[in-house]
Structures are given as C-alpha cells and as structure tokens.
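Report on the structure
Here is what each chain is made of, one letter per residue.
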Amino acid sequence: MLITSAKEVAELPNLKAVPSNYYVDNHHNYSLPAAIIDTNDDDDSLIPIIDFSLLSSEDPHQLSKAIQDLGRACQHWGFFMLVNHGIEEGLMEELIGVTNEFFLMPEEDKWKYKGENVFDPIKYGTSFNYTSNETNFYWRDFLKLSLHPQFHSPDQPNNFREVLRDYCDKSRKVARMLLSGISESLGLEKELMEKSLDLDSGFELLVANYYPACPQPELVLGLPPHSDFGLLTLLIQNDVGGLQIQHNGKWININPIPNSILVNTGDHLEIFTNGKYKSVLHRAIVNKEARISIGIANCPAMNAIVSPADSPLIQNERLPPLYLPKEYREYVEMQQTKPLDGKSCLDQIKINSPSKML
Ligand SMILES: O=C(O)CCC(=O)C(=O)O
Ligand SMILES: [Fe+2]
C-alpha cells in the first residue's frame, strides 16, 4: 500500500474537510477517557517549573529544596517545565528549523528513510506507528532517530547532522543530571540508577513530530493517549501548543514556554521507582497552524533488566514489587507492536496487588 503523509493530505488542493479515515471517532480500538478538557489558564500555570541551575547550587539548603521540588514534580505530575537548563536558545531554534526543513523536503526524499523494523535507526513515517496495521490515521508525520549508543542522522538537510549532534550531546548531559537528582530525591545513592540500568550505554530515541495545519482540528488527533517508554523524555516545540496531559482525571493543555524544555517521566522510571513516580498518559491535539515537537527519550541500555530498584527504600515488606522484571529491549518490542487501546503498556507487566487477589 502506498502511504500518504499527513502533510501531503493537508496540502491537497482545495482541501476544506478532513478525510474521514482521520476522524478520531473511527479509532474503534480504544475510547477516549471521559475527561474534561481544561483550558483554564490557572490550570496551565500549575505545571511545575523546575530551575535546572539550582540542581548544582552550592548552597546546601537551596540544593536540597531543588531536589525535593524535582521529586515532587515527578510524583504528582510526571511532567515539568525545565528552565535555566543552559542549552542555548539559538541551538534549540536551529534544531526546530532544520527539522522543519526535513519535513518540507520532497516526499520521495523522506520516504527513503521508511525503515521496516522496530529497531531501524532512522525511520520516517506517518500516524502513530506504521508497524501496526493502521487503517485509521492520526494527523502527524514523524522522524525517529536512534542517537545513542550509536548516533544516527539523515544526511539532509545539509546541517541537520551537525545541529542535532550538538543538541543531543547537551540534552544528554541535562538528562543525566536530572536522573541523578531524581535518584537523590528518592533517598538513593546518586549512582544507583546509572549503574543498574547501565546508562553509559543507554538507548536514546529522538522522535520529531510534524502536525500539519489542519482545516478541522476538532475532528482529529495528532497522537493518541500514550505513555512514553524510557526514563525521561526531554521535549522542545515551536510556539504552537497542542500537548495535553492527564492530571487528576482531566486533560490539561500544556502551553509552550519560550526557551524551556518540557520533561516527563517515562514507563521505566515508574518501574524503577516501584510506582512512586508515574508515567503519565498524554496526547497531542492539532491546530490550524503547523506544529513541530522534538522529544528525546533517555532510556536504559537495551540489554538492561529493568525492575523496581534494589533498595529497601523502594521495595520492602510494605512495598512489594509492583512490576515484573523485563529486559528493556523486549519492552520496547512489546510497546511498538501492541495494538492501540488508549492504555499504557505498563499494564502488561504490573503484578496484581495482594488486595486484588484476596
Ligand atoms: O507533540 C507533543 O507535544 C507530544 C509528543 C509525544 O508525546 C511523543 O512524541 O511521544
Ligand atoms: Fe509521548
């Protein structure tokens, strides 16, 4: 079957209505959770804002407060805005610019990166995940790149590789610093996570999303509700909002804040913390203007076995392990080939709680 990108559909001459195979109602595999979409500005402003520079403060009180704030944001929201992260605004803008140029290239130049398998290091595609046999589509095109342990980049546009390498080296340092702060926030020794999940060989996947301008945004979704695999995702975006996250049973709009990085905790941080830090469902709506977002998922090493941390602070008689150990690679395979049902993949490895079994 010839696949058409969402951008090609959006650019059909005289397109006034969205083709019906993009209608969100047609996705029979899952139903949207009954929740209120809250567009209230007060709620938007509630997303925690973490000042990265305070995580290296020399003032012990400031440092310990910054670590506590980080832990609280992961526990109560699973999402936070990171400011003062030290990555130059110009570099972030350049990455968004070259990514936009990639999506503006002729279709045949992009489809040469189609890829066939879950672990192909460079993949261009459309909708949620073209490895599952979708017949109804999401209003989104994507480019997925494996960045670590081996770095992969398309050759075009010309300076894409160079800009990406610079950004991803800097983003990795920020992510590692956050992960060690997160270990500390749990009372664990700083290095426990990096050692047990072999983060020096950690897998990193970049997902660039292009949501074309849509004539009827209310009828479609850019991305269905999902949680991210990995430990932490760091996401930058242009100034067109569209991300919604589940919080206290509602969908909350997250408006972009200039020069910030949106961070969320992924499935493997939920597993490692034995459920204390939640991997939160989120989705993307679309707009009459095109939107770009670029996330990097920072993950355990492919052959690491992920389980709740081996520490009495994380699992003990009162807190039995809630998740089955699983090799990271197997989890990714399972997630990438699982049918869409609006539920997190974590459900498949949750151990039934004793109260359920009584
Ligand atoms: O576009 C966004 O803001 C969200 C993207 C996302 O959730 C993803 O790529 O996993
Ligand atoms: Fe996501």
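Residues numbered from 1 in each chain as written. Chains lettered and ligands numbered in written order. Predicted model: local features only at pLDDT ≥ 70, side-chain atom pairs only at ≥ 80, totals over all residues. Heavy atoms only, no water.

The name an unreviewed UniProt entry gives the chain is Fe2OG dioxygenase domain-containing protein, with Capsicum baccatum as the organism. The UniProt entry for the chain carries the following comment under Sequence similarities (unreviewed entry): "Belongs to the iron/ascorbate-dependent oxidoreductase family." (UniProt positions renumbered as here; feature names shortened; annotations may be inferred.)

Okay, the coordination of the iron ion (ligand 2) next. The protein atoms that coordinate the iron ion (ligand 2) are His226 (NE2), Asp228 (OD) and His282 (NE2), at distances spanning 2.1 to 2.2 Å. The sequence pattern describing where the donors of the iron ion (ligand 2) fall on their chain is H-x1-D-x53-H. Taken as a pair, Asp228 in the loop between strand E7 (223-226) and strand E8 (232-237) and His282 in strand E12 (residues 282-284) lie far apart in primary sequence, 54 residues in all. (Donors = N, O, S within 2.8 Å, 3.2 Å for Na, K, Ca; no water. Helix = DSSP H or I, 4+ residues; strand = E, 2+ residues; numbered from the N terminus.)

Read from one edge to the other, the open sheet built from eight strands follows the order E2-E3-E11-E8-E13-E6-E5-E4, with strand pairing classed as mixed. With partners counted over all chains shown, the strands left at the sheet margins are strand E2 (49-51) and strand E4 (122-126), one partner each. Taking the axes of each pair of neighbouring strands and ignoring which way they run, one obtains an average angle of 25° across the sheet. Of the strands in this sheet, E2, strand E3 (79-83) and strand E11 (261-265) touch helix H3 (residues 60-76), which is tilted by about 145° from E3. (Pairing = 2+ DSSP bridges. Axes fitted to C-alpha atoms, helices over the stretch in contact; angles between N-to-C directions. Contact = heavy atoms within 4.5 Å.)

Here we come to the packing of helix H4 (residues 89-104) against helix H6 (residues 160-185). As a packed pair, H4 and H6 sit with axes 9 Å apart at the nearest point and diverge in direction by 135°. Relative to H6, the element H4 is oriented oblique. Considering the relative orientation of H4 and H6, their crossing is left-handed. Residues Leu91, Met92, Glu94, Leu95, Val98, Thr99 and Phe102 of H4 form the contact with H6, whose participating residues are Phe160, Val163, Leu164, Asp166, Tyr167 and Lys170. Among the residues making up the contact of H4 with H6, the classes are represented as nine nonpolar, one polar and three charged. (Parallel < 35°, antiparallel > 145°, perpendicular 65-115°, else oblique. Left-handed = near helix turned anticlockwise from the far one by under 90°. Nonpolar A, V, L, I, M, F, W, Y, C, P; charged D, E, K, R; others polar.)

Around ligand 1 lies a shell formed by Val207, Asn209, Tyr211, Leu223, His226, Asp228, Leu235, Leu243, His282, Arg291 and Ser293. In the model, an oxygen atom of ligand 1 is placed 3.1 Å from a nitrogen or oxygen of the His226 side chain. Elements with a contribution of two residues or more to the shell around ligand 1: strand E6 (204-211), E7 and strand E13 (291-298). The greatest single-element share of the shell around ligand 1, amounting to three residues, is contributed by E6. (Near = heavy atom within 4 Å. Polar contact = N/O pair within 3.5 Å; in protein donor to acceptor, adjacent residues only side chain to side chain.)

Per the UniProt record, "domain: Fe2OG dioxygenase" (unreviewed entry) is annotated on residues 202-300. Across residues 202-300, helical content stands at 6% and strand content at 44%; the span's end C-alpha atoms are separated by 5 Å.

With that out of the way, let us pick up the state of the cysteines. Scanning all chains against the criterion turns up zero disulfides. Left unpaired, Cys345 is separated from the closest cysteine sulfur, that of Cys299, by 13 Å. (Disulfide = S-S within 2.5 Å.)

Taken as a whole and judged by the stated rule, the model has four cavities of 30 Å³ or more. The volume enclosed by the second largest cavity comes to roughly 110 Å³. As for the second largest cavity, its lining consists of 13 residues, of which Val118, Lys123, Phe203, Leu205 and Gln336 are closest to the centre. Contributing elements (two or more residues each) for the lining of the second largest cavity: strand E5 (141-148) and helix H9 (328-337). In terms of residue count, E5 provides more of the lining of the second largest cavity than any other element does, three residues in total. (1 Å grid on protein atoms, 1.4 Å probe; cavity = no way out; pocket = protein on both sides within 12 Å on 5 of 7 lines; lining within 4 Å. Points joined across faces, edges and corners; volume = space filled by probe spheres on them.)

A few words now on H9. By the burial criterion, the buried members of H9 are Tyr328, Tyr331, Val332, Met334, Gln335 and Gln336. Looking at the buried residues of H9, the elements they touch are E5, helix H8 (267-272), strand E14 (305-306) and strand E15 (326-327). (Buried < 20%, exposed > 50% of the residue type's maximum accessible area, 1.4 Å probe, protein only.)

Our next topic: the environment of Asp200. With respect to the element layout, Asp200 can be found in the loop between helix H7 (192-196) and E6. Under the relative-accessibility criterion, Asp200 is labelled exposed at 58%. For Asp200 and Pro300, which are 100 residues apart along the polypeptide, the C-alpha to C-alpha distance reads 8.8 Å. Not counting the four nearest positions on each side in its chain, Asp200 is found in contact with His148 and Arg176. At 3.1 Å, the side chain of Asp200 and the side chain of Arg176 are in polar contact.

Below, the discussion takes up the nonpolar core. Counting 78 residues, the largest nonpolar core has Phe80, Leu82, Tyr167, Leu178, Ile182, Met193 and Ile261 as its most contacted members. Tallying contributions element by element places H6 first for this core, with ten residues. When near neighbours in sequence (up to four residues on either side) are disregarded, Tyr167 contacts Ile87, Leu91, Met92, Leu95, Ile236, Ile261 and Ile296. Within the second largest apolar cluster, 16 residues are counted, among which are Ala6, Tyr22, Trp139 and Leu221. (Core = buried A, V, L, I, M, F, W, Y, C linked by side-chain atoms within 4.5 Å.)

What follows deals with the environment of Leu232. Along the chain, the position of Leu232 falls in strand E8. A relative accessible area of 0% places Leu232 in the buried class. Along the chain, Leu232 and Gly295 lie 63 residues apart, while their C-alpha atoms are 9.8 Å from each other. If we ignore the near neighbours within four places in the chain, the residues touching Leu232 are Ala175, Leu178, Leu179, Ile182, Val263, Asn264, Thr265, Gly266, Leu269, Ile296, Ala297 and Asn298.

Looking now at the packing of H3 against H6. In helix packing, the relevant descriptors are the interaxial angle and the interaxial distance, both defined with respect to the helix axes. Look at H3 against H6: their axes get within 8 Å of each other, and the N-to-C directions meet at 90°. One way to sum up the angle between H3 and H6 is to call them roughly perpendicular. Of H6, the residues touching H3 (which contributes Ile67, Leu70, Gly71 and Cys74) are Leu178, Gly181, Ile182, Glu184 and Ser185.

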